[in-house]
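So you can see what is in the structure, the chains are spelled out below.
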Amino acid sequence: MAKKPTTYDPAENLTSEQAVAVFVTAAFQANDANAIAHGLGGVARAKGMSEFASETGLSRAQRYHSLNGDGNPMLETTLAIAKALKTGLSAKTH
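Residues numbered from 1 in each chain as written. Predicted model: local features only at pLDDT ≥ 70, side-chain atom pairs only at ≥ 80, totals over all residues. Heavy atoms only, no water.

Draft legend 1. Layout of helix 2 (residues 33-47). Here helix 2 is 15 residues long and its end C-alpha atoms lie 21 Å apart, about the 21 Å a rise of 1.5 Å per residue gives. Of all the residues in helix 2, the buried ones are I36, A37, G39, L40, G41, G42, V43 and A44. A positive phi of about 105 degrees marks G48, the residue just after helix 2. (Helix = DSSP H or I, 4+ residues; strand = E, 2+ residues; numbered from the N terminus. Expected span 1.5 Å × (residues − 1). Buried < 20%, exposed > 50% of the residue type's maximum accessible area, 1.4 Å probe, protein only.)

Draft legend 2. Here's a closer look at the nonpolar core. Grouped together as the largest cluster of nonpolar side chains are 14 residues, with contacts concentrated most on L40, V43, A44, F52, L67, I81 and L85. Put simply, the parts of the chain that give this core at least two residues each are helix 1 (17-29), helix 2, helix 3 (49-56) and helix 5 (75-84). Ranked by the residues each element gives to this core, the list is headed by helix 2, at four residues. If we skip the residues at most four places from it in the chain, V43 touches L14, V20, F23, V24 and L85. (Core = buried A, V, L, I, M, F, W, Y, C linked by side-chain atoms within 4.5 Å. Contact = heavy atoms within 4.5 Å.)

Function cannot be read off these values alone, since they describe shape.
See below:
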């Protein structure tokens, strides 16, 4: 009997600060706005959207649009999200 595919939600495994850091770093290394938005969305789901909402000051529509992987959040929104998630942005040379 064939197994049914399941939907994997990375938020289920983001249970430590180290896991969050690795996940967000990988999202940024993809160098793709959708991957970054999706990565930050996973972290937001792991931390709880209601707590996250009060920390960012973003409306529900703004949060879901910015974090669904299809949105293209402005830098100001991305910085607010990163701050609320207690992560940061950094740069390094290659």
